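Observations on the three-dimensional arrangement
Here are the chains, one letter per residue:
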Amino acid sequence: MRTSNPALRAFAKREGSYSSQPMTLMGAINKSFLLLFILITAAGAAWYYSAQGQDVSAIMIGGAIGGFVIALIVSFVPKTAPVLAPVYAVLEGMFVGGISAYYASLYEGIVMQAVLLTASVFLALLLAYRFRLIKVTRNFRLGVFAATFGILIMYLLSFILGFFGVAIPFLHDASPVGILISVAIVIVASLNLVLDFDFIENGSNAGLPKHMEWYAGFALLVTLVWLYLEILRLLAKLRRN
């Protein structure tokens, strides 16, 4: 078992992962597809209730808050992933289905466009990673981590300042600058997919614990949801422009 990522080697030794049942590439892929199926099913249910004229705002808000809490727990305690990752998929699916229905009521066809673009970006980056057109170096990781953390700080500031009636300039408007900001965020979210691919490959090579298959699927699902929502927001800005 070998990996080029020293952090994964250290994690494997600390967890005592070199056992009879280590993480495998196929296992991580299967868990990822299962979690995606659960999310799509939950999202479809929320969409159905919305289409029936029912108010799904409570479901959407509950899913968003619950999903955020579950994501924090899984992120800090990966061993909980086999139990909590499916719960996260259900909660996040409720949120994604509700917000998708909302955007669909404003802009015809926007949800299908967002889904197709998200799938296209995923497949394109997967092929680019598979054929080593993109190499995940230490500087690449640091750059993506820094950009992602910066976006997180910006969203947190926007959320907090919103209580005081203050808005971060250009972040939510449909001006050319606002659109460029959304494009940049979509790019950063897309590059996080490459880090997920790298983690799954190196994690399976390092023989991480079996529960890390669920953790890898969870991490990939988080990135896909983020990318989909950012593409949805970008398309909405383009429609308003």
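Remember, predicted model here, so these are calculated numbers, not experimental data.

For the rest of this paragraph, the subject is the overall build of the protein. Per the secondary structure count, the protein includes eight helices and zero strands. The C-alpha extent of the protein, read off along each of the three principal axes, is 50 × 35 × 35 Å. Counting across all 241 residues of the protein, residues that qualify as buried make up 46%. Of the contacts formed within the protein by residues at least 6 apart in sequence, a portion of 84% connects residues at least 24 apart. Between the centroid of the 16 positive side chains of the protein and the centroid of its 10 negative side chains there is a distance of 12 Å.

This part takes up a nonpolar patch on the surface. A surface patch of nonpolar side chains, about 1100 Å² in accessible area, is lined by Phe149, Leu152, Ile153, Leu156, Leu157, Phe159, Ile160, Leu161, Phe163, Phe164 and Val166. Inspection of the secondary structure assignment puts isoleucine 153 in helix 6 (residues 138–162).

What follows covers the UniProt feature "transmembrane region" (unreviewed entry) in the protein. The positions that UniProt labels "transmembrane region" (unreviewed entry) are, in the present scheme, residues 33–50, 56–76, 83–104, 110–131, 143–171, 177–195 and 215–236. Its end C-alpha atoms 26 Å apart, residues 33–50 is made of 100% helix and 0% strand.

What follows concerns the packing of aromatic side chains. Applying the stated criterion across every chain, the model contains eight aromatic pairs. Ring centres of phenylalanine 159 and phenylalanine 163 lie 5.1 Å apart, and the angle between their planes is 85°; on these two criteria the pair is classed as edge-to-face. The residues phenylalanine 159 and phenylalanine 163 share a single accessibility class, namely exposed. Ring geometry for phenylalanine 199 versus tyrosine 215: centroids 6.0 Å apart, planes at 65°, classification edge-to-face.

Here the focus is unusual backbone geometry. Despite not being glycine, arginine 132 shows a phi value in the positive range, around 60°. Position of arginine 132 relative to the elements: it lies in the loop between helix 5 (110–130) and helix 6. Judged by relative accessible area, which is 40%, arginine 132 ranks as partly exposed. Even without being a glycine, phenylalanine 170 presents a positive backbone phi close to 70°.

Within this structure, the stated rule accounts for five salt bridges. Of the charged contacts, one joins arginine 132 and glutamate 201 as a salt bridge, the two residues approaching to 2.8 Å between their closest N and O atoms. Residue arginine 132 is located in the loop between helix 5 and helix 6, and its partner glutamate 201 is located in helix 7 (residues 176–206); the two are separated by 69 residues in the primary sequence. Each member of the salt-bridge network shares a partner with another, and the members are Lys31, Lys210 and Glu213.

Before going further, it helps to examine the packing of helix 5 against helix 7. Where helix 5 meets helix 7, the axes come as close as 10 Å, and the angle between the chain directions of the two elements is 50°. Compared by their axis directions, helix 5 and helix 7 come out oblique. Helix 7 is crossed by helix 5, and the crossing has right-handed handedness. The residues of helix 7 that touch helix 5, namely those facing Val121, Phe122, Leu125, Leu126 and Tyr129, are Ser190, Leu193, Val194, Phe197, Asp198, Glu201 and Asn202.

Time to look at the packing of helix 7 against helix 8 (residues 212–240). Where helix 7 meets helix 8, the closest approach of the two axes is 9 Å, and the angle between their N-to-C directions is 165°. It follows from the interaxial angle that helix 7 and helix 8 lie roughly antiparallel. Crossing handedness for the pair helix 7 and helix 8: left-handed. For the contact of helix 7 with helix 8, a count of residues per class yields 21 nonpolar, five polar and four charged.

Turning our eyes to something else, we now look at the confidence of the model for the protein. Per-chain confidence: the protein averages 90 in pLDDT, with 92% of residues scoring 70 or above. Here residues 1–7 is a poorly scored stretch, pLDDT under 50, and it has 16 contacts once near neighbours within four places are set aside; other chains count.

Reading guide: rules and limits
- Residues numbered from 1 in each chain as written.
- Predicted model: local features only at pLDDT ≥ 70, side-chain atom pairs only at ≥ 80, totals over all residues.
- Heavy atoms only, no water.
- Helix = DSSP H or I, 4+ residues; strand = E, 2+ residues; numbered from the N terminus.
- Buried < 20%, exposed > 50% of the residue type's maximum accessible area, 1.4 Å probe, protein only.
- Contact = heavy atoms within 4.5 Å.
- Lys, Arg positive; Asp, Glu negative; His and termini not counted.
- Charge placed at Lys NZ, Arg CZ, Asp CG, Glu CD.
- Patch = residues over 30% accessible without salt bridge, like charges linked within 9 Å, V, L, I, M, F, W, Y side chains within 5 Å.
- Areas by Shrake-Rupley, 256 points an atom, 1.4 Å probe, with all protein chains shown as cover.
- Salt bridge = Lys/Arg side-chain N within 4 Å of Asp/Glu carboxyl O.
- UniProt positions renumbered as here; feature names shortened; annotations may be inferred.
- Phe/Tyr/Trp six-rings, centres within 6.5 Å; stacked < 30°, edge-to-face > 60°.
- Axes fitted to C-alpha atoms, helices over the stretch in contact; angles between N-to-C directions.
- Parallel < 35°, antiparallel > 145°, perpendicular 65-115°, else oblique.
- Left-handed = near helix turned anticlockwise from the far one by under 90°.
- Nonpolar A, V, L, I, M, F, W, Y, C, P; charged D, E, K, R; others polar.
- pLDDT = per-residue confidence, 0-100.

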